[in-house]
Amino acid sequence: MRRRTTGTALLLTGALALAGCAGEQAPPTEQSVDQGYQSGDGSTTTWPAGSRQGPVELAGTDFEGQSRDVADWRGDVVVLNTWYAACPPCRAEAPDLVAFAQDYADRGVHVLGINSVDAAGAAQPFQKTFSVPYPSLEDTSGAAVASLQGIVAVSAVPTTVVLDREGKVAARVLGLLDASTLRTVVDDLLDEQAAAAS
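What this report covers is the structure whose coordinates are included nearby. (Residues numbered from 1 in each chain as written. Predicted model: local features only at pLDDT ≥ 70, side-chain atom pairs only at ≥ 80, totals over all residues. Heavy atoms only, no water.)

1. Description of the packing of aromatic side chains
Now for step 1: Evaluation of the coordinates by the stated rule reveals three aromatic pairs.
Now for step 2: Residues tryptophan 83 and phenylalanine 126 carry aromatic rings whose centres are separated by 4.3 Å and whose planes lie at 25° to one another, so their mutual orientation is stacked. On the criterion of sequence distance, the pair formed by tryptophan 83 in the loop between strand E4 (77-82) and helix H2 (88-104) and phenylalanine 126 in helix H3 (residues 120-129) is long-range, its members being 43 residues apart. As far as burial versus exposure is concerned, tryptophan 83 and phenylalanine 126 are alike and both buried.
Now for step 3: Judged by centre distance (4.8 Å) and plane angle (50°), the ring pair of phenylalanine 126 and phenylalanine 130 falls under tilted. (Phe/Tyr/Trp six-rings, centres within 6.5 Å; stacked < 30°, edge-to-face > 60°. Helix = DSSP H or I, 4+ residues; strand = E, 2+ residues; numbered from the N terminus. Buried < 20%, exposed > 50% of the residue type's maximum accessible area, 1.4 Å probe, protein only.)

2. Remarks on the pairing of strand E5 (residues 109-115)
Now for step 1: The element E5 is largely enclosed, with a buried count of six among its seven residues.
Now for step 2: Pairing of E4 with E5, which is carried by six bridges, proceeds in the parallel orientation. Across the sheet, leucine 80 pairs through a bridge with leucine 112, a residue of E5.
Now for step 3: In this fold, E4 hands off to H2, which returns the chain to E5; that crossover is right-handed. (Pairing = 2+ DSSP bridges. Right-handed = clockwise from strand over helix to strand, strands pointing away.)

3. What to know about the sheet that holds strand E7 (residues 159-163)
Now for step 1: Pairing is mixed across the open sheet formed by six strands, whose spatial order is E1-E8-E7-E4-E5-E6. Every other strand in the sheet has two partners, leaving strand E1 (43-46) and strand E6 (136-138) as the edge strands with one partner each. Across the sheet, the mean angle from the axis of one strand to that of its neighbour is 15°, orientation sign disregarded.
Now for step 2: For E7 and strand E8 (residues 169-174), the ladder comprises five bridges, and the chain directions are antiparallel. Each bridged residue has a counterpart across the sheet, and for valine 161 the counterpart in E8 is arginine 172. (Axes fitted to C-alpha atoms, helices over the stretch in contact; angles between N-to-C directions.)

4. Quick look at the pattern of salt bridges
Now for step 1: What the rule picks out here adds up to seven salt bridges.
Now for step 2: For glutamate 57, the salt bridge identified is with arginine 74, shortest N-O distance 3.3 Å. Here glutamate 57 is found in the loop between E1 and strand E2 (59-61), whereas its partner arginine 74 is found in the loop between strand E3 (67-69) and E4, with 17 residues between them in sequence.
Now for step 3: Aspartate 103 serves as the salt-bridge partner of arginine 183, at 2.8 Å between the closest nitrogen and oxygen. With arginine 183 in helix H5 (residues 179-197) and aspartate 103 in helix H2, this pair connects stretches of sequence that are 80 residues apart. (Salt bridge = Lys/Arg side-chain N within 4 Å of Asp/Glu carboxyl O.)

5. Some remarks on the state of the cysteines
Now for step 1: Enumeration according to the criterion identifies one disulfide in this entry.
Now for step 2: One disulfide in the model links cysteine 87 with cysteine 90; its S-S distance is 2.4 Å. Of note, the bridge from cysteine 87 to cysteine 90 carries an S-S torsion of about 75° and is right-handed in sense.
Now for step 3: Classification of cysteine 90 as buried rests on a relative accessible area of 3%. (Disulfide = S-S within 2.5 Å.)

Without other data, these values stay purely geometric and don't point to any function.
Right, here's the structure in full:
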């Protein structure tokens, strides 16, 4: 069974890499991966608090060899972003993600990349080129993406998934990210968090 699961995850990883960028919007449990490359699609789906799936259970090792687990960030907003170094829309959105991570670092927001294609030799130069301040999981096994797929469809690379303070999926962007959209989604979640604390 474990061998079959690993094989499925590897097939999924390959399909996502070939798919490139975003496809059509999908409900959070859809697992379609046969989308074509559509640079700049950026379709965004958000879910209200009562309709969110999760929590997401996702862990792995980053390209610096450090263990990462999103469960450690419960109570904070988490932004997950799938990418690989040769992906044109991934490179196009990298400066916006870097600026976002820097601007929100002191506000209880964490960013975690997920790279299911590259070994460290390709991923780390990308991180250096764009001065990426947040970690990325080395996910060539496909395990991290498979964990997400059980809750929200990740049918393109890049895909950005935003988790609320309970680790549930609050939003998903398929394809090239719009920076203002991400900031609006996260600001709304931070407002939710503040309201819950008061």
